[in-house]
Amino acid sequence: MSVLDRLEIPLHTNGSENDIRALVTKRKISGGTVSEAGKNARDVLLGLMKTCIKLDISFFRYLGGRLGIHAQPPIPPLPDLVRQAAQA
């Protein structure tokens, strides 16, 4: 397969590198996590945050909607939003 056959694939890794930059900066500042559970929690929340940013959704509004904190219209589950974005 030639790169020219798949024009939607970028010829650089800037997107991937930007996705992990926040994680590396946080790790350098805080010195990392103490436990494996802390590492997993950080990774999950960072992944959610980056996905919300890419879908143009407020991360805190999404969390509030999942936890039932905000009295705003509900936000659909993230997998549904990712599928909708992929189809557009």
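Quantities reported herein were computed from a predicted structural model and do not represent experimental measurements.

## Remarks on the overall build of the protein
Thought 1: Helix and strand counts for the protein stand at four helices and zero strands.
Thought 2: Counting helices and strands in the order they occur from the N terminus, the protein gives α-α-α-α.
Thought 3: Buried residues in the protein amount to 12% of all 88 residues.
Thought 4: A separation threshold of at least 6 residues defines the contact pool for the protein, and within that pool the share at least 24 residues apart is 33%.
Thought 5: Accessible area of the protein: about 7,000 Å², with a carbon and sulfur share of 61%.

## A closer look at helix α2 (residues 36–54)
Thought 1: The end-to-end C-alpha distance of α2, which contains 19 residues, comes to 27 Å, matching closely the 27 Å that a straight helix rising 1.5 Å per residue would cover.
Thought 2: Of the positions making up α2, those classed as buried are Arg42, Leu46 and Cys52. The arc that holds the buried residues of α2, viewed along the axis, is 125°, so those residues lie on one side. Seen from the open side of α2, the exposed residues pointing more than 90 degrees away from its buried face are Glu36, Ala37, Val44 and Lys54.
Thought 3: Where α2 terminates, the next one or two residues include Asp56, which has phi positive at roughly 60°.

## A closer look at the nonpolar core
Thought 1: Counting residues in each nonpolar core, the largest one holds seven residues, listed as Cys52, Ile57, Phe59, Tyr62, Ile75, Leu78 and Leu81.
Thought 2: For this core, the secondary-structure elements that each account for two or more residues are α3 (59–67) and α4 (78–87).
Thought 3: When sequence neighbours within four positions are dropped, the list of residues in contact with Ile75 reads Ile57, Arg61, Tyr62, Arg66 and Leu81.

## A few points about the pattern of salt bridges
Thought 1: The final tally for this structure, using the stated rule, is two salt bridges.
Thought 2: The salt bridge involving Asp43 is made with Arg42; its shortest N-O contact spans 3.4 Å.
Thought 3: Taking the shortest distance from any N to any O, the salt bridge between Arg83 and Asp80 comes out at 2.8 Å. Placement of both Arg83 and Asp80 in helix α4 is noted, with a separation of three residues, approximately one turn of the helix.
Thought 4: The exposure class assigned to Arg83 is partly exposed, which follows from its relative accessible area of 49%.
Thought 5: Residue Asp80 is classed as partly exposed on the basis of its relative accessible area of 32%.

## Considering the packing of aromatic side chains
Thought 1: Applying the stated criterion across every chain yields a total of one aromatic pair.
Thought 2: Arranged with centres 5.3 Å apart and planes meeting at 65°, the rings of Phe59 and Phe60 form a pair that is edge-to-face.
Thought 3: Given the relative accessible area of 63%, Phe60 is considered exposed.

Definitions and limits used
- Residues numbered from 1 in each chain as written.
- Predicted model: local features only at pLDDT ≥ 70, side-chain atom pairs only at ≥ 80, totals over all residues.
- Heavy atoms only, no water.
- Helix = DSSP H or I, 4+ residues; strand = E, 2+ residues; numbered from the N terminus.
- Buried < 20%, exposed > 50% of the residue type's maximum accessible area, 1.4 Å probe, protein only.
- Contact = heavy atoms within 4.5 Å.
- Areas by Shrake-Rupley, 256 points an atom, 1.4 Å probe, with all protein chains shown as cover.
- Expected span 1.5 Å × (residues − 1).
- Arc of directions from axis to C-beta.
- Core = buried A, V, L, I, M, F, W, Y, C linked by side-chain atoms within 4.5 Å.
- Salt bridge = Lys/Arg side-chain N within 4 Å of Asp/Glu carboxyl O.
- Phe/Tyr/Trp six-rings, centres within 6.5 Å; stacked < 30°, edge-to-face > 60°.

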